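A closer look at the structure
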Amino acid sequence: MIGYYVHHQGRGHLHRAMCVARHTRTPITGLSSLPRPESWSGEWVRLPFDTDPGAPQPVRDPGAGGRLHWVPLHHDGLRARMGAIADWITRTAPSLLVSDVSAEVAVLARLMGVPVVVSDMRGDRSDPAHALAYDIADCLMAPWPEELPEPGRPLRWRRKTVHTGAFSRYDDRPRPAPPRPKGPPRQVLVMLGAGGSDISAAQLRDAARATPRWDWQVLGGTGPTWCADPWPLLTTADVVITHAGQNAIAECAAARRPAVVIPQHRPHEEQHATARALDTAGLASVRPRWPEPHEWPDVLAAACRTDGRRWALWAPGDGASRAAHLLDSLAAQARTGGTTCASR
């Protein structure tokens, strides 16, 4: 049995877990505050939230003196959450636990004698909590190519990092032929995601007005334009505009469409680190900020000159099966007395 902790912020963590679970031979149990997905075939443990949006409790020392991320003292939700995970580990004695992502869950599993795989994330992870989780992990699973490593990582982490390449829920979907060049209006798809956005409605309106030869469609953000399955829109867009979250980039890469990537501010500069890697490899047109209205015609024209086929470097198409093979191998090794994870 493999436990797979799925963080509830956004939907990228859930999509990754579902991709991997479809390919593993070892049974996987999901552990998350999110509701069980309809297509999840294994066990699902619904965890209590460790925050209190309805009736907030006083928060005391949430970072344990700066050593962890979220462990407030005498917090009912945190106690129930960690207790549920510990109870599941006690009942099932899993071979392995994947944390995507929580330093505290990774440490809890290791304290209970369970080998741990931590989903690696871009950006500066040298803070005490991340450093602890990365140090105690048996393996770091990095969903990006080995050719574009995260710079500055210590050797002890690099030695146990396995690069799977990016993967998404669309890797097994047929990819239509790219749209033929055509006259105006051309199609822009803006993907803002479910994890919050720095882009305002006014900025979007101004950009669309400045580019009358383009039709703009916006998905996600705080408005009513959420789309559960943007694949048809992705594959027919002339240009995709997106933030630099792992899941959004993986989906754009799967569609092999030209993209404008504008990193948003996130803890540990995660999105800016991803954007730098994409810019280095020439995979997307990266912009440090949302362009001014008069800049958009040139921004879209530059993006159209990018060859979307280059996305194959970032997302080769078999990343989820590589990740599943890794987890199956580590689980089998754990059952026979070893958990070696070598970089590849």
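For the structure itself, consult the block above.
Bear in mind the structure is a predicted one, so any value in this text is a computation, not a measurement.

Comments concerning the packing of aromatic side chains
In total, this model carries 5 aromatic pairs according to the counting rule given. On the numbers, 5.3 Å between centres and 85 degrees between planes, the contact of Trp216 with Trp296 is edge-to-face. Linking Trp216 in strand β9 (residues 214-219) with Trp296 in helix α10 (residues 296-304), this pair joins segments that are 80 residues apart in sequence. By relative accessible area, which is 0% here, Trp296 ends up buried. Chaining the aromatic ring pairs together yields one cluster made of Trp216, Trp290 and Trp296.

Quick word on helix α8 (residues 246-255)
Because each turn of an α-helix spans 3.6 residues, side chains separated by three or four positions end up pointing in the same direction. Of all the 10 residues making up α8, 10 are buried; the element is thus mostly covered by neighbouring parts of the structure. By the burial criterion, the buried members of α8 are Gln246, Asn247, Ala248, Ile249, Ala250, Glu251, Cys252, Ala253, Ala254 and Ala255. Downstream of α8 by a residue or two, Arg256 has a phi angle that is positive, lying close to 60 degrees.

Remarks on the sheet that holds strand β6 (residues 139-142)
With parallel pairing, the 7 strands of this open sheet are ordered in space as β3-β2-β1-β4-β5-β6-β7. A strand with exactly one partner marks an edge of an open sheet, and here the two such strands are β3 (44-46) and β7 (161-163). Mean inter-strand twist for the sheet, computed between neighbouring axes without regard to direction, equals 20 degrees. Pairing analysis gives 3 bridges linking strand β2 (residues 28-32) to β3, with the strands arranged parallel. Bridge assignment links Ser32 to a residue of β3, and that residue is Arg46. Across the face of the sheet, helix α1 (residues 12-21) comes into contact with β1 (2-6), β2, β3 and β4 (96-100) while running at roughly 160 degrees to β1. The sheet strands contacting helix α2 (residues 76-92) are β1, β2, β3 and β4, and the helix crosses β1 at an angle near 165 degrees.

About the cut-offs
Residues numbered from 1 in each chain as written. Predicted model: local features only at pLDDT ≥ 70, side-chain atom pairs only at ≥ 80, totals over all residues. Heavy atoms only, no water. Phe/Tyr/Trp six-rings, centres within 6.5 Å; stacked < 30°, edge-to-face > 60°. Helix = DSSP H or I, 4+ residues; strand = E, 2+ residues; numbered from the N terminus. Buried < 20%, exposed > 50% of the residue type's maximum accessible area, 1.4 Å probe, protein only. Pairing = 2+ DSSP bridges. Axes fitted to C-alpha atoms, helices over the stretch in contact; angles between N-to-C directions. Contact = heavy atoms within 4.5 Å.

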